[in-house]
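# Tertiary structure, described
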Amino acid sequence: MGDIWVLVTPLKNWIYVNDPDALMSIFKRPTDFPRPVWAEGESWRRQRKIAIRCFNEQTNAILWAETIALAGDVLHRWTKIPSLVSAADDMRTLTLNAFSRAALGKSFESQGSNTESLATPSAKESLRTILNNLVFILAFGTEFISYPWLPQRFRIVHKAWVTFRSHLINTYEAEKRDFAEDKLPDHNLMTLLIRASQDEVHKSGASGGLTESEIYGNMFAFSSAGHDTTANTFTFAIYFLSAHPQYQDWLFEEIQAVLGDREIWDYRTDFPRLKRCLAVMFETMRLYAPIPVIKWTADKTQPLSVGNKTFLLPPQCIIAPSYGAVHTDPRFWGSDSLVWRPSRWIKAGNAGNEEFNAILRGSFIGWSEGIRDCPGRKFSQVEFSAAIAVLFRGAYVDPVARDGETMDAARARVLDLIKNDSGTVLLLQMLHPERAPLRWSRREKSSEISAKSE
Ligand code: HEM
């Protein structure tokens, strides 16, 4: 179809772009190509400037340690059962718990119950209920769901909303007191957001900081933007790995080279060396990017150069990167561009001391680019690498073969499930991962990782 094409619909026309340079130009021109909703106005700019300051290396180190502990617990359970049907649910719980610690300062055990009740839920349970019902909340709004005559499901969601909000309020008040008394912060996202806002107020006056409701709004944005994105990527990656044992060995080689049998893992020195773990994430997102970004031309005609031609894009058109095309175009990814091959990201070398291959800017846009790119990019990478390193140092995963089925056929069935049974709910996800149960087995001689880390 070429590098730019239009899908004409009775409502809006959608212009799809598959040219890395043109995509970078779209991302670098936020005024010409704003988002159709939540555009980049003054209020967004002020909030973004403060919000990105709270994603720092200290928070990443907390996240790293928490994820290692939680993934160790998950692996312990998974290797004790003959067949696992809840990988997706467990990875959601793991990301929720890791997020709760690194973002809200609350630690939780990995086993979480999925029950939603009207009894006062904990902060974590309320966050879980909110995230499970995000579509519902976004569709009806928090005010509507507060009406007492609504069915029980609405009341449960509303109760969760109230509890989560009161947790944010309490943390906010406690942090304001600590800040006034010069106490050191915990370095979770919430306290850092409050501190960054207070700093801005000191520097540029009250209008420079965040209002209380903007702080809650940002925490809600972090929770909703950061949870399922990472959890869905984990699920795809685990299923891909179960179908590709050679890449499990490839990971194991790196994990052994970097971590060996060490009990203490150091974020600053170990994370940057786990390139293969990260390559698994990149390769998974290349084929299954969880969030598609869209922009639009608003009320103006906008010129856009694609190759050696300049197109005039009419007003009121949606502009969408074509992920399916740009992330798989053989010109940028080679003749096996549709194959899941994480090693394509790495220059061949010694495990643990490798470098990433340079990729053409704009040909991989899983976390978006430009001023509105994802502030949680590294946060999600740290979480992903830590969990994958724990899981694949200790064990390997296979699909459970059906009666009479060979292991090769079972692996092909898993790849088929990924390909033909994935779709968008709120984000792109495997729709029924439980249809292909997995079996986790301990690697011989592997020592079980403890929750200790630095
Ligand atoms: C694999 C994991 C993740 C992926 C693929 C991802 C992807 C993205 C993408 C593509 C955008 C741009 C959306 C747009 O412009 O419409 C975005 C924005 C955002 N992401 Fe992420 N994200 C991930 C993890 C996270 C995490 C862990 C957090 C926070 C802890 C986070 C917080 C945010 C926020 C707050 C925004 C909005 C930024 C703004 O509008 O200024 N994300 N993400």
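Residues numbered from 1 in each chain as written. Predicted model: local features only at pLDDT ≥ 70, side-chain atom pairs only at ≥ 80, totals over all residues. Heavy atoms only, no water.

## Points about the coordination of the iron atom of the ligand
Put simply, the test is: Any nitrogen, oxygen or sulfur atom within 2.8 Å of a metal ion counts as a donor, with the limit raised to 3.2 Å for Na, K and Ca, and since water is left out, coordination shells can look unfinished. Helical segments are the DSSP runs of H or I of at least four residues, strand segments are the runs of E of at least two, and each set is numbered from the N terminus.
A lone protein donor contacts the iron atom of the ligand, and this donor is Cys374 (SG), found at 2.3 Å. With respect to the helices and strands, the residue Cys374 is situated in the loop between strand S8 (355-356) and helix H16 (377-394).

## A word on the sheet that holds strand S2 (residues 14-17)
Rules: Only strands joined by at least two bridges in the DSSP assignment are considered to pair.
Spatially, four strands are ordered S1-S2-S6-S3 in an open sheet, and the strand pairing comes out mixed. Sheet topology places strand S1 (4-7) and strand S3 (295-296) at the edges, where each strand pairs with a single neighbour. Both S3 and strand S6 (residues 318-321) contribute to a ladder of two bridges, which runs antiparallel. Of the residues in S6, the one forming a bridge with Lys295 is Ile319.

## Regarding the UniProt feature "binding site: heme" (unreviewed entry) in the protein
Put simply, the rule reads: UniProt positions are given in the numbering used here, feature names are shortened, and annotations may be inferred rather than shown by experiment. The buried label applies to any residue whose accessible area, calculated with a 1.4 Å probe on protein chains only, is under 20% of its type's maximum; exposed applies above 50%, and partly exposed to all values in between.
In the UniProt entry, the feature "binding site: heme" (unreviewed entry) is given for Cys374. Looking at Cys374, the relative accessible area reads 29%, which means it is partly exposed.

## Section: helix H8 (residues 189-204)
Under the convention used in this document: The span one expects for a helix is its residue count, reduced by one, times 1.5 Å. Throughout, a contact is declared for two residues whenever any of their heavy atoms are within 4.5 Å. We call two N or O atoms a polar contact when they sit within 3.5 Å, provided that within protein one can donate a hydrogen and the other can accept it, with sequence-adjacent residues counted only if both atoms are side-chain atoms.
Across its 16 residues, H8 extends 22 Å between first and last C-alpha, which sits within 8% of the 22 Å expected from 1.5 Å per residue. Buried residues in H8 make contact with helix H2 (42-51), helix H3 (57-78), helix H4 (87-104), helix H7 (152-180), helix H9 (212-226) and H16. The N-terminus of H8 is capped by Asn188, whose side-chain oxygen sits 3.1 Å from the backbone nitrogen of Met190. Two residues or fewer past H8, Gly205 is found with a positive phi of approximately 90 degrees.

## Digging into the nonpolar core
In plain terms, the rule: Take the buried Ala, Val, Leu, Ile, Met, Phe, Trp, Tyr and Cys residues and link them wherever side-chain atoms come within 4.5 Å; each set so joined is a nonpolar core.
Counting 101 residues, the largest nonpolar core has Trp64, Leu193, Met219, Phe392 and Trp440 as the members making the most contacts within it. With 10 residues, H16 is the single largest residue contributor to this core. In this view, Trp440 contacts Leu75, Trp78, Thr79, Leu84, Ile238, Leu391, Phe392, Ala395, Tyr396 and Val397; residues no more than four positions away in its chain are not counted. Counting residues in each nonpolar core, the second largest holds 19 residues, with Ile4, Met24, Leu304 and Leu313 among its members.

## Digging into the pairing of S2
Here S2 shows one buried face, formed by Ile15 and Val17, and one open face, formed by Trp14 and Tyr16. Here S1 pairs with S2 via four bridges, running antiparallel. Residue pairing in the sheet places Leu7 in a bridge with Trp14 of S2. In sequence, S1 turns back onto S2 through a hairpin of six residues. Relative to S6, S2 runs parallel, the two sharing four bridges. From the neighbouring strand, Tyr16 faces S6, where its bridge partner is Ala320.

## Quick look at the pattern of salt bridges
Quick reminder of the rule: Each salt bridge in this description consists of a side-chain nitrogen of Lys or Arg and a carboxyl oxygen of Asp or Glu lying within 4 Å of one another.
Tallying each qualifying case throughout the model produces 30 salt bridges. Across the salt bridge formed by Asp228 and Arg92, the nearest N and O atoms sit 2.8 Å from each other. With a gap of 136 residues between them, Asp228 in helix H10 (residues 228-243) and Arg92 in helix H4 connect regions that are remote in the sequence. Asp228 sits in the buried class, given a relative accessible area of 16%. The partly exposed category is assigned to Arg92, whose relative accessible area is 23%. Residues Arg443 and Asp249 are paired through a salt bridge, measuring 3.2 Å at the closest nitrogen-oxygen approach. Here Asp249 lies in helix H11 (residues 245-259) and Arg443 lies in the segment after strand S12 (438-442), a separation of 194 residues in the sequence. For Arg443, a relative accessible area of 14% gives the class buried. Residue classification places Asp249 among the partly exposed residues on the basis of a relative accessible area of 43%. Within the structure, one salt-bridge network assembled from shared partners comprises Lys49, Arg53, Asp199, Glu200 and Lys203.

## A few points about the side chain of Ser363
With respect to the element layout, Ser363 can be found in the loop between S8 and H16. Owing to a relative accessible area of 1%, Ser363 belongs among the buried residues under this scheme. A distance of 2.6 Å separates a polar side-chain atom of Ser363 from the backbone oxygen of Leu360. When sequence neighbours within four positions are dropped, the list of residues in contact with Ser363 reads Pro20, Val326, His327, Phe332 and Trp333.

## Points about the packing of aromatic side chains
Convention followed: Stacked, edge-to-face and tilted labels apply to pairs of Phe, Tyr and Trp rings (six-membered ring for Trp) whose centres lie within 6.5 Å, assigned for plane angles under 30 degrees, over 60, and everything in between, in that order. Comment: the charge-over-ring label is applied if NZ (Lys) or CZ (Arg) is within 6 Å of the ring centre and within 35 degrees of the ring normal.
For the coordinates displayed, the defined rule picks out 27 aromatic pairs. A network of ring pairs unites the aromatic residues Phe236, Phe240, Tyr247, Trp250, Tyr288 and Trp340 as a single cluster. For Arg286, the ring lying beneath its charged end belongs to Trp333, and the centroid distance is 5.2 Å. Positioned over the ring face of Phe252 is Arg443, at 4.0 Å from the centre of the ring.

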